[in-house]
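Understanding the architecture of this molecule
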Amino acid sequence: MLTLIAAALALALAWPGVDEAAEALLDDSGAPGAVVALLDDDGGHIGVAGTRIHRRDAPVEADDLWHMGSNTKAMTATLVARLVEQGVVRWEMTVGEVLGSLDLDIHDDLAGADFAALLMHRSGLAANAGPITAIRLGGTDSSRDAAADRLIYARAVLGSTGGPAGEFLYSNAGYVIAALMLEQLTGETYETLMEREVFGPLRMGSAGWGPPGIRDAADQPRGHRPGLFGFSAIEPGASADNPPALNPAGRAHMTMADLLRFLDIHRRGAAGEETGYLSVESFERLHRPEGNYAMGWGVREDGTLSHSGSNTMWLVTMRIDASRGVAAAAGVNDGRLDTVAGPVGAALNTVMAEPD
C-alpha cells in the first residue's frame, strides 16, 4: 500500500487550484516565493509562484526544498511512536530514568517528565536554552556533532524549570531532550533513527537538515528576513538556521511532495485506516490532544490537525482534515510572520474548502 501511495505522490502534478492559490499567496504576502500543496482523493498537487531569492531571476520550482521549522516536531513524535511499537521505548519512560546515569544536573521537577509530556510541551522545561548556549552550539551541519551537542544542550536546560510540570509551555528544549533520550536508549543518533524509521519507510528521499541549497548557487529557495541592510536572503550557513542540536525540534527540510507523503500517512491513520506503518492506536495517541495540542500537532476546534514551522526566515503550515480525507501545506520563504502568516492560512483555507 505504501508503495502505491508513493508512486501516486511522485507525480505531484500541477493543479489549477493550487497554482492559483500559490499566486494569490505570493501577492497577498509579499514574499519572494510561495508554495501550496494539496493531497486529496485524486493524488498530490503542487503549485508554486515567485522566486527562490529576492530580486533574483531564479523561479521557484515544484520540486524545490522547503524548510519545515517546527513541523519537524510531528516527525519526531512519529519516530517515538515507531520505537514504542518495536518495544525499544515506552511512552512512560522519564528523563530521570533514561538520563539519570549521565553527568547532568536534573531538576527534581523535570526528572519525572516522560516522553508524552515532552512531546506535548507539558514537561516543565523552558522553551529554549539561553543565548550563550545557542552561540556556543552555532555552526553549520558539517562543523557540528549534533548528537554530542544535544548533551551540552541538556546540561543547559535540565538544571532549572521553565514552568510547572503539567502546564503547557511550548518547548523546543523538550524535543531535544526526547531525542537525547532516544539516543541513550538505542545507541544511535536521532538523525540515523529518523532516516531508518520515518524518512526511509515513507519514501521521503529529499529530507535533510538545516537550510537547503549550496551557498551562492541559487539552486534552492533561500530564507529571508529583514536586517540592517533591508529585507534580504540568508545564504546557507550558521546564520541561516538554529544550531544542529535542534534538529528534532525544527530543522528538517524537504520537498512538498515528500511532506505530502508524511501528511498522507497521518491523514489515513487519523481516519482509522490500517496503514501498515503505525497502528491505529498509535496514531490515535499521537493525535489526541490535551487542551489543543497533541504530539507535534495542534488540534483546531473543528478537529483538523495543524502545525506551523518557522526559523524566522521561512514559514510553512500543514493541515489535515481526516474526516474529508484532505491534507494540505502552504509556505513562503519569508520569516516576517506578522505579514505572511495570515496569507498562508488563507491559502490553506482556499485549497481545503469544501466544493460548492
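As the structure is a computational prediction, the values presented were derived from the model and not from experiment.

Some words on the overall build of the chain
Helix and strand content of the chain: 14 helices and 11 strands. Relative to the globule expectation of 21 Å for 356 residues, the C-alpha radius of gyration of the chain, 19 Å, shows essentially globular dimensions. Dimensions along the principal axes, computed over C-alpha positions, put the chain at roughly 55 × 50 × 35 Å. Contacts in the chain between residues far apart in sequence, at least 24 positions, make up 68% of those at least 6 positions apart. Working note: accessible area of the chain is about 14,100 Å², and carbon and sulfur atoms make up 51% of it. In the chain, 26 positive and 47 negative side-chain charges are present, and the distance between their average locations comes to 4 Å.

Details of the sheet that holds strand S4 (residues 208–209)
Pairing within the open sheet is antiparallel, and its 3 strands lie in the order S3-S7-S4. Every other strand in the sheet has two partners, leaving strand S3 (65–67) and S4 as the edge strands with one partner each. In this sheet, strand S7 (residues 252–255) lies alongside S3 in antiparallel orientation, the contact comprising 3 bridges. Paired with Trp-66 across the strands is Met-254, a residue of S7. Those strands touched by helix H12 (residues 256–270) are S3 and S7, and its axis lies near 105 degrees from that of S7.

A few points about the side chain of Arg-52
If you trace the backbone, Arg-52 turns up in the loop between strand S2 (43–50) and S3. Here Arg-52 falls in the buried class, since its relative accessible area comes to 10%. Apart from the residues within four sequence positions on either side, Arg-52 is in contact with Ala-58, Pro-59, Val-60, Glu-61, Asp-64, Ala-218, Asp-219, Gln-220, Pro-221, Arg-222, His-224 and Asn-333.

Here's the deal with the nonpolar core
Counting 87 residues, the largest nonpolar core has Leu-99, Leu-158, Ile-177, Met-256, Leu-259 and Leu-263 as its most contacted members. Among the elements that line this core, the one with the most residues is helix H9 (residues 172–186), at 9 residues. When neighbours within four sequence positions are excluded, Leu-99 is seen to be in contact with Leu-104, Ile-106, Leu-158, Ile-177, Leu-180, Met-181 and Gln-184.

What to know about the side chain of Thr-72
Structurally, Thr-72 is set in helix H3 (residues 72–85). Apart from residues no more than four positions distant in its own chain, Thr-72 is found in contact with Tyr-190, Trp-209, Asn-247, Pro-248, Ala-249, Gly-250, Arg-251 and Ala-252.

With respect to the environment of Ala-353
Relative to the helices and strands, Ala-353 resides in the segment after helix H14 (337–352). Note: C-alpha distance between Ala-353 and Val-280 (73 residues apart in sequence) is 27 Å.

A few points about the sheet that holds strand S9 (residues 305–309)
The strand order across the open sheet formed by 6 strands is S2-S1-S11-S10-S9-S8, and the pairing between neighbours is antiparallel. Where the open sheet ends on each side, the last strands, each with one partner, are S2 and strand S8 (298–299). The sheet contact formed by S8 and S9 spans 2 bridges and is antiparallel. Bridge pairing in S9 places Val-299 opposite Leu-305. Most of the contacts of H12 go to strand S1 (residues 33–40), to which it runs at about 35 degrees, and overall it touches S1, S2, S9, strand S10 (315–321) and strand S11 (326–332). H14 contacts S1, S10 and S11 of the sheet and is inclined by roughly 30 degrees relative to S10.

Some points on a negative patch on the surface
Together, Asp-19, Glu-20, Glu-23, Asp-27 and Asp-28 give the surface a local cluster of negative charge. Looking at the secondary structure, you find Asp-27 in helix H2 (residues 16–29). Looking at Asp-27, the relative accessible area reads 61%, which means it is exposed.

Some remarks on the packing of H3 against helix H10 (residues 190–199)
Packing of H3 against H10 leaves a shortest axis separation of 10 Å and a crossing angle of 80 degrees. With respect to H10, the element H3 is oriented roughly perpendicular. Residues Thr-72, Met-75, Thr-76, Thr-78, Leu-79, Arg-82 and Leu-83 of H3 lie in contact with H10, whose contacting residues are Tyr-190, Leu-193, Met-194, Glu-197, Val-198 and Phe-199. Counted by class, the contact of H3 with H10 contains 8 nonpolar, 3 polar and 2 charged residues.

How each quantity is defined
Counting from 1, residues in each chain are numbered in the order their sequence is written. Local features in this predicted model are restricted to residues of pLDDT 70 or higher, and side-chain atom pairs are both shown and tallied only at a pLDDT of 80 or more, whereas totals for entire chains, interfaces and linings draw on every residue. For side-chain calculations, the full set of non-hydrogen atoms in the structure is used, while hydrogens and water are omitted. Helix and strand assignments come from DSSP, with helices taken as H or I runs of at least 4 residues and strands as E runs of at least 2, each series counted from the N terminus. In this description the radius of gyration comes from C-alpha coordinates, and the expected globular size is given by 2.2 Å times residues to the power 0.38. Only heavy atoms matter for contacts: two residues are in contact if any of them lie within 4.5 Å across the pair. Surface accessibility in these figures is a Shrake-Rupley result with a 1.4 Å probe; residues are shielded only by whichever protein chains are displayed. Only four residue types enter the charge count: Lys and Arg as positive, Asp and Glu as negative, with His and the chain ends excluded. Lysine's charge is taken at NZ, arginine's at CZ, aspartate's at CG and glutamate's at CD. Here, a strand pair is defined by DSSP locating no fewer than two bridges between the strands. Only the stretch in contact is used when fitting a helix axis, every axis being a line fitted to C-alpha atoms; angles between N-to-C directions are given from 0 to 180 degrees. For every residue, the accessible area obtained with a 1.4 Å probe (protein chains only) is divided by the maximum for its type, and the residue is called buried under 20%, exposed over 50%, and partly exposed between those limits. To qualify as a nonpolar core, a set must consist of buried Ala, Val, Leu, Ile, Met, Phe, Trp, Tyr and Cys residues joined through side-chain atoms within 4.5 Å. In this scheme, patches are assembled from residues that exceed 30% relative accessible area and form no salt bridge. Like charges are connected within 9 Å, while nonpolar side chains (Val, Leu, Ile, Met, Phe, Trp, Tyr) are connected within 5 Å. Salt bridges are defined as contacts in which a side-chain nitrogen from Lys or Arg sits within 4 Å of a carboxyl oxygen from Asp or Glu. In what follows, roughly perpendicular refers to angles from 65 to 115 degrees, roughly parallel to angles under 35, roughly antiparallel to angles over 145, and oblique to any angle outside these ranges. Only Asp, Glu, Lys and Arg are considered charged in this grouping, and only Ala, Val, Leu, Ile, Met, Phe, Trp, Tyr, Cys and Pro are considered nonpolar; every other residue, Gly among them, is considered polar.

Note that all results are geometric; they support no functional claim without further evidence.
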